[in-house]
Structures are given as C-alpha cells and as structure tokens.
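The residues making up each chain are set out below.
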Amino acid sequence: MDGDRVEIDGGIMEGGGQILRVSTALSCLLGLPLRVRRIRAGRSQPGLRPQHLSGLEMIRDLCDGKLNGGEIGSTEITFTPGKIKGGTHIADTKTAGSVCLLMQVAMPCVLFAASPSELHLKGGTNAEMAPQIDYTVMVFKPIVEKFNFTFNCDIKRRGYYPQGGGEVVVQMSPVKELSPINLTERGTVTKIYGRAFVAGALPIKLAKDMSAAAVRCIRREIRDLYINIQPVREPDDQAVGTGSGIIIVAETSTGCLLAGSSLGKRGKNADKVGIEAAEKLLQNLKHGGTVDDSLQDQLIIFMALAKGVSRVKSGPITLHTQTAIHFAEQLTKAKFTVTKSEEEDPSNDTYMIECQGMGMINPNL
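Sequence order as written defines the numbering, with residues in each chain counted from 1. Reporting of local features is limited, given that this is a predicted model, to residues whose pLDDT is at least 70; pairs of side-chain atoms are given and counted only at 80 or more, and all residues count toward the totals for whole chains, interfaces and linings. In computing side-chain values, all of the structure's heavy atoms are included and hydrogens and water are not.

Q: Help me out: how do you make sense of empty space enclosed by the protein in this one?
A: Remark: the empty space left among the atoms is shown by a probe the size of a water molecule rolled over them. Residues are said to line a cavity or pocket when one of their atoms sits within 4 Å of a point; the points come from a 1 Å grid over protein atoms alone, cavities being sets where a 1.4 Å probe fits but cannot get out and pockets being open sets with protein on both sides within 12 Å along at least five of seven lines. Grid points are joined across faces, edges and corners, and a volume is the space filled by probe spheres set on the points. With the rule as written, the count across this model stands at three cavities of 30 Å³ or more. Looking at the largest cavity, its volume works out to about 140 Å³. If you go around the largest cavity, you meet 15 residues; those closest to its centre are Val22, Gln104, Asp297, Gln298 and Ile301. Strands are runs of DSSP state E lasting at least two residues, helices are runs of H or I lasting at least four, and both sets are numbered from the N terminus onward. For the lining of the largest cavity, the elements supplying multiple residues, two or more each, are helix H1 (17-30), helix H3 (99-111) and helix H7 (300-305). Top element by residues in the lining of the largest cavity is H3. It accounts for five residues. Nonpolar residues are Ala, Val, Leu, Ile, Met, Phe, Trp, Tyr, Cys and Pro. Charged residues are Asp, Glu, Lys and Arg, and all others, Gly as well, are polar. Its residues placed into classes, the lining of the largest cavity shows ten nonpolar, three polar and two charged. In this model, the second largest cavity occupies a volume close to 100 Å³. Lining the second largest cavity are Gly17, Leu20, Arg21, Thr24, Gln51, His52, Gly55, Leu56, Ser98, Leu101, Leu102 and Val105.

See below:
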C-alpha cells in the first residue's frame, strides 16, 4: 500500500482489460485511490489499448479524478477518484474498440452519480472479443434492469472493424441503491429470435444465408419452436464500414434470456457464421443455467453493489467471472460463494453464484 492506495495486479487470472474495468469502476464508486500494475500482462500486446484508455479517461472525467500513466501501451496507472457527477460525457476510442466495454466500466459509476447522465460512446458496435451492441440491448439490458434501475441505449450509428466510427448514446438516472436479483429457475424455452445483419458493401443474401444456416442447426436439437431470425441490411446512413454478424436469443418461461452470436469476416463463409452462433446458443442452453457465459461476469459488479443476497444459477464458471469475483471481493465488502448445483439431471453442469452484496448507498441522493 502506498499511503492507502489499493494495489491491483493486472496480470493475474484473466489478465486482460476486465481487471482494469472492474477495479477502476469500484475505485470510482468507493472513493478508493488505486494503482494497477502489469496491465493486460496476459495479452499478446500488453498495456493500455485505445479502448481501455478512453474508458479510463471517461471514468476520470465522471468523477473529477486524477489519472497518471494514461497513455497507449502504459502497463501501470494510478487513479485517484473524486465525486461522481452526472451530465454528458464522451468516450471515443477512435478505433473499432468496443463501445460495450466502455459501457461496462461507466454504467455502475453513473448509477451512483448526483444527477442523470448521458454517455456518448464511440468506437466499434460489433467487435470481436466483446459483447455486440445487439447483445447489450437484447440480453444484458432486460436482465441487468432486474437490479432495479433502467437505462436507455440509442444506437445512432454502427461501426465495424477496422475503423469503428459507431456511436451509442446511453441515458440513465441515478438510484439510491440496487436491489438483489434471484435468477435460479431456467424454465423452458418458449421462443427463439434474433437478427442476422450485413452493412456496407455486403449483400442481404449473406444475412439470409446466416439466418437459414442457424435455423437448420437449431432445428436438429429443438424441433417444435418457431424460430424467427430476421435478415437485415443496416441503412447506409446508420453504419460506418462493412460488417456482418448474427445474434440469436432464446427466451424462457421464467424470463431468462440466453444468446449465441458470431461475427462475419473476410474469407469466412456465411453459413459458418450462422452455425457458430447457433452452436453457442445450444451450448448455453445445455448446461441448464439461467444466464449465458457472456452475461455471467457482467452481473458480478452489480451483485457486489446490491443490498441483500443475489443468486444466479449459471453454467461452468468462466475465467472472466472468477476474475470479476476476485476483484469485487478485494475492493468491496461483498462476499461471493460458488457451489455446484445438485441437479436432478447429473449431465447438467450448473453452479449457483451467491453474493451477499455490500449495499452501496448513493450519498448524493
């Protein structure tokens, strides 16, 4: 400890940008000065990339904080938070860096701001190694709002690899505290829907091929449900660059949402993109949990901040989730337990993630 600065090792466990996102968001919320060393030591290009830096700068501006070491490639930063304020904030990666990851770092902070916030997030809307914006709107939003807050996410423009250029505007009002969530019953799948999209120079036929291949793949496992995957061509004035991809969501009788998605790239056959997304969805349905493996880790910070006990039944715990739990426990007084579920069906690989939240109270309200 340097004075009372919390030391974070950014190279352990998942060893990527997530450690930075979770720890700086919690630092901002709890008023804890922070030093993060060995940033993204587990990645082929360690240190801050443009999207991590723009996320840090946005958090700094959100709370009038001080950031040292904030340059591209930097492997160590110190951050001293101030008071979280609302208002309009802009984060621009100037690359195809994911707007969804920018949202992940900022959202918990602005929930405990003094007034409503409007975040203008610029970069890639459908990027590799990150949730697609469609996932954020179709799956993350309805589930995370069970913590008793709401937000509005307006996709102004979509942007794809390599140049980005997308823009999403997120509006949200602060809350006094977060309620715990209880996602323990999967129920049965009642509908499957999604969107297969193309943008820029790509023909709509590719979207139709992705959709058809995905439906064929799901039909082998699930025969009796209507599957509606809309092929879409993004309007030219609402998309920058050329891109394609698909997201498929399964909704259950208890309101669970699980998804599978995939992105197209040059030389990758459209059928393969559709099948990849369908297989991911089927895999997420197989384990019997109430959340898919992309949502699992995104809920951890909210469970840690909520007042009371949250329970989420999931499939196998991902390294991202283990990492989020480790740093949430290190920085807050939240306590997590993960236990293997006793299932009637022993082939189900399910776990119960339980968290006694710290009960964060918004001091500004």
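Q: What is the right way to look at the UniProt feature "domain: RNA 3'-terminal phosphate cyclase insert" (unreviewed entry) in the chain in this model?
A: The feature "domain: RNA 3'-terminal phosphate cyclase insert" (unreviewed entry), as given by UniProt, occupies residues 184-286 in the numbering adopted here. Helix makes up 32% of residues 184-286 and strand 36%, whereas the separation of the span's terminal C-alpha atoms amounts to 15 Å. UniProt positions are given in the numbering used here, feature names are shortened, and annotations may be inferred rather than shown by experiment.

Q: Which parts of the structure should I look at to understand the domain arrangement of the chain?
A: Often, the extent of an interface is quoted as the loss of accessible area on bringing the components together. The start and end points of each domain follow an automatic or database-based domain assignment. One can read the domain layout of the chain as domain 1 (6-177 + 318-327) and domain 2 (189-287). Relative placement of domain 1 and domain 2: their C-alpha centres are 27 Å apart. Taken together, the 20 residues of domain 1 in the interface contact 23 residues of domain 2. Each of two parts loses accessible area, computed with a 1.4 Å probe, when they are put together; buried area is these two losses added. Both faces considered, domain 1 and domain 2 share a buried interface measuring about 1600 Å² in area, 63% of it formed by carbon and sulfur atoms. For the domain 1 face of the interface with domain 2, the top three residues by lost area are Gln132, Met138 and Tyr160, together amounting to 36%. Salt bridges are counted wherever a side-chain nitrogen of Lys or Arg sits within 4 Å of a carboxyl oxygen of Asp or Glu. Linking domain 1 with domain 2 are three salt bridges, by the criterion used here. Ranked by residues supplied to the side of domain 1 that touches domain 2, first place goes to helix H4 (residues 133-144) with six residues. Here the side of domain 1 that touches domain 2 is composed, by residue class, of eight nonpolar, six polar and six charged. Contacts are assigned to residue pairs with any non-hydrogen atoms lying within 4.5 Å of each other.

Q: Sorry, what's going on with unusual backbone geometry here?
A: Look at the link from tyrosine 161 to proline 162: it is a cis peptide, with omega at 5°. Position of proline 162 relative to the elements: it lies in the loop between strand S7 (151-159) and strand S8 (166-172). The phi torsion at arginine 38 lies on the positive side, around 50°, for a residue other than glycine. Mapped onto the elements of the fold, arginine 38 is located in the loop between strand S2 (34-37) and helix H2 (50-62). The class of arginine 38 is partly exposed, set by a relative accessible area of 41%. Backbone geometry at lysine 94 places phi at a positive 55°, although glycine is not the residue there. Tracing the sequence through the fold places lysine 94 in the loop between strand S5 (87-92) and H3. Classification of residues uses two cut-offs on accessible area relative to the type maximum, computed with a 1.4 Å probe and protein chains only: under 20% is buried, over 50% is exposed, and between them is partly exposed.

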